[in-house]
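Report on the structure
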Amino acid sequence: TFFLLLILFIGVGVKAFYVQVINRDKLIAYSHSQIVRETKTYPKRGHILDRNGSPLAINVQKYNIFTFGKDLKLFKKELKKVSKVINGVNFSKTYNNVKKRKKFTWIDRKAELDDEQLASLKDLKTIVIEAQSSRFYPNHELLAQTLGFVGIDNEGLSGIEYYFNEDLKGEALIHKYFKDAKGRPVKYKSAIVDHQAKDVTLTIDKDIQADLEEYLKEGVLKAKANLGGAAVMDAETGEIWAIANYPSFDPNDIKRQDRNNLKLSFVTDPFEPGSIFKTLTILSAMENNIVRGDTNYYCEQGKLRVGKHLITESDSSHNFEWLSVEEILKYSSNIGTTKIAFDLTFQT
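Conventions and cut-offs
- All residue numbers refer to positions counted from 1 along the written sequence of the respective chain.
- Two thresholds apply to this predicted model, a pLDDT of at least 70 for residue-level local features and 80 or more for giving and counting side-chain atom pairs, whereas whole-chain, interface and lining totals are computed over all residues.
- Based on all heavy atoms of the structure, the side-chain values leave hydrogens and waters out of the count.
- Strands here mean DSSP runs of E at least two residues long; helices mean DSSP runs of H or I at least four residues long; both are numbered from the N terminus.
- Only protein chains enter the accessibility calculation, which uses a 1.4 Å probe; a residue is then buried when its area is under 20% of its type maximum, exposed when over 50%, and partly exposed in between.
- Contacts are assigned to residue pairs that have any heavy atoms within 4.5 Å of one another.
- Surface accessibility in these figures is a Shrake-Rupley result with a 1.4 Å probe; residues are shielded only by whichever protein chains are displayed.
- Exposure above 30% relative accessible area and no salt bridge define the residues that can form patches, which grow by joining like charges within 9 Å and nonpolar side chains of Val, Leu, Ile, Met, Phe, Trp and Tyr within 5 Å.
- Basic side-chain nitrogens of Lys or Arg form a salt bridge, by our definition, when they fall within 4 Å of a carboxyl oxygen of Asp or Glu.
- Remark: nonpolar core denotes a set of buried residues (Ala, Val, Leu, Ile, Met, Phe, Trp, Tyr, Cys) joined through side-chain atoms within 4.5 Å.
- The sign given to each residue is positive for Lys and Arg and negative for Asp and Glu; His and the chain ends receive no count.
- To locate a charge, take atom NZ for lysine, CZ for arginine, CG for aspartate or CD for glutamate.
- For two strands to be treated as a pair, DSSP must find at least two bridges joining them.
- Within 6.5 Å between ring centres, the rings of Phe, Tyr and Trp (the latter by its six-membered ring) count as paired, and their orientation is classed by plane angle as stacked under 30 degrees, edge-to-face over 60, tilted in between.
- Residues are called lining when one of their atoms sits within 4 Å of a cavity or pocket point, these points coming from a 1 Å grid over the protein atoms alone, where a cavity is a set in which a 1.4 Å probe fits but cannot get out and a pocket is an open set with protein on both sides within 12 Å along at least five of seven lines.
- Grid points are joined across faces, edges and corners, and a volume is the space filled by probe spheres set on the points.
- Only Asp, Glu, Lys and Arg are considered charged, only Ala, Val, Leu, Ile, Met, Phe, Trp, Tyr, Cys and Pro nonpolar, and every remaining residue, Gly among them, polar.
- Two N or O atoms form a polar contact when they lie within 3.5 Å of each other; inside protein one atom must be a possible hydrogen donor and the other a possible acceptor, and for residues adjacent in sequence the pair counts only when both atoms belong to side chains.

So, on to the overall build of the protein. Across its full length, the protein holds 13 helices and 14 strands. The buried share among the 348 residues of the protein stands at 32%. Within the protein, contacts between residues separated by at least 24 positions form 65% of all contacts whose residues are at least 6 apart in sequence. Accessible surface for the protein amounts to roughly 23,400 Å². Of this, 54% is attributable to carbon and sulfur atoms.

Written as structure tokens, this is what we have:
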């Protein structure tokens, strides 16, 4: 009897050690999954400003509307009231959706409500109206591809909003509560952190940006091009004062935008440098004392044969004869640059 009881007590001790030491973390996590719920509340997202402090991305107050759909009879009555006050809420579609789920259901997200609408909906019992800070871009299409945009939960999805998302959204206020067997909260606990959302200031000048986008649009439409890009940079510091693509988009209404216009293709897409490299060829020749600005070249009246290849000017009406190096750069002469490159050869 003694040895039998001893073996049983050893078994109990081993089991207790396994439960309380080896399997402790797993069982605590399992317990929390049943009785503990956690929600996070973020501070208002930080602003994005230009170099002079002008706002490029700010926050406005909007509202999320949802229900738990427990009392369908009362919910139906209140939903009719809500659908009359808020144009974006479809009564039949929403009611059928809630009737099928019978649990938490979104009715509308980021709805814009004025004081009069809020006052008329303040006594609802089955429908919850929750205030939420929402992103707003006061200049609409201005600098849109660089700023990027946020998702429905105010998470940065592209551009500056995405790259500096951690700074802009700040640290969360964590709310924990314990629930009873019926799912009712019985005890709350919050973890407060000091780190708040930060503003981000860009080197962009809003006024220069507006002018650049206006001239860029005119140029693209005049040339009947598919798209165009341009930037203004401080040559001494490398600061970008303005940068743009056309066509652009309005980040305030991202669902209705052409997806092809969302990226800053002026920066992200590769393209042939073309005449940009004529500058490098001419600079190299001048640096090696092969040419000066007033050195003249005969440009063959627009046609130069090199072996089996015929080099022409980009514009067929350009039939230049004698051009100085300065004029070759000014008119972007293919033939003039080719002759400078031949004289340059290979320099060590």
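Residues Phe17, Tyr18, Val19, Val21, Ile22 and Leu27 make up a contiguous nonpolar surface patch of roughly 540 Å² in combined accessible area. The element best represented in the nonpolar patch is helix 1 (residues 2-22), accounting for five residues. Given the relative accessible area of 36%, leucine 27 is considered partly exposed.

Now for the nonpolar core. By size, the foremost hydrophobic cluster in this structure holds 19 residues, and its most contacted members are Ile48, Leu143, Leu147 and Leu202. Of all the secondary-structure elements, those providing two or more residues to this core are strand 3 (55-67) and helix 6 (144-147). In this structure leucine 147 touches Ile48, Leu56, Tyr137, Leu142, Ser158, Gly159, Ile160, Glu161 and Leu202, once residues within four positions along its chain are discounted. The next biggest cluster of nonpolar side chains, apart from the first, holds 16 residues, and it includes Phe75, Val98, Ala111 and Ile127.

The next point concerns a negative patch on the surface. Residues Asp207, Asp211, Glu214 and Glu218 make up a contiguous surface patch of negative charge. Along the chain, aspartate 207 falls in helix 9 (residues 206-223). Since its relative accessible area comes to 54%, aspartate 207 is described here as exposed.

Okay, the pairing of strand 4 (residues 105-111) next. Of all seven residues that make up strand 4, five are buried, and the element is covered over most of its length. Where strand 3 and strand 4 come together, four bridges link them in antiparallel fashion. What sits directly across from phenylalanine 66, in strand 4, is tryptophan 106.

A few words now on the packing of aromatic side chains. Under the counting rule described, the total for this entry stands at five aromatic pairs. Ring centres 6.2 Å apart and planes at 90 degrees place the aromatic pair phenylalanine 149 and phenylalanine 249 in the edge-to-face group. Residue phenylalanine 149 is found in the loop between helix 6 and helix 7 (159-163), and its partner phenylalanine 249 is found in the loop between strand 10 (240-246) and helix 10 (265-268); the two are separated by 100 residues along the sequence. You'll find phenylalanine 149 and phenylalanine 249 in the same group, each marked buried. With a centroid separation of 5.4 Å and 55 degrees between ring planes, the pair formed by tyrosine 298 and tryptophan 322 is classed as tilted.

Here we come to the layout of surface pockets. In this structure, the second largest pocket occupies an estimated 660 Å³ of space. For the lining of the second largest pocket, the secondary-structure elements that each account for two or more residues are strand 4 and strand 5 (127-136). Residues belonging to the lining of the second largest pocket are distributed by class as follows: eight nonpolar, three polar and eight charged.

Moving on: the side chain of aspartate 234. Tracing the sequence through the fold places aspartate 234 in the loop between strand 9 (228-233) and strand 10. No salt bridge is formed by the buried aspartate 234. Its closest oppositely charged neighbour is arginine 51, at 6.2 Å. Within the structure, the side chain of aspartate 234 is placed 2.9 Å from the backbone nitrogen of glutamate 236, a separation counted as a polar contact. Residues within four places of aspartate 234 in sequence aside, it is in contact with Glu239 and Trp241.

Here serine 83 shows up in helix 3 (residues 72-85). One polar contact links the side chain of serine 83 to the main-chain carbonyl oxygen of lysine 80, over a distance of 2.8 Å. When residues no more than four places from it in sequence are discounted, the contact partners of serine 83 are Val89 and Phe91.

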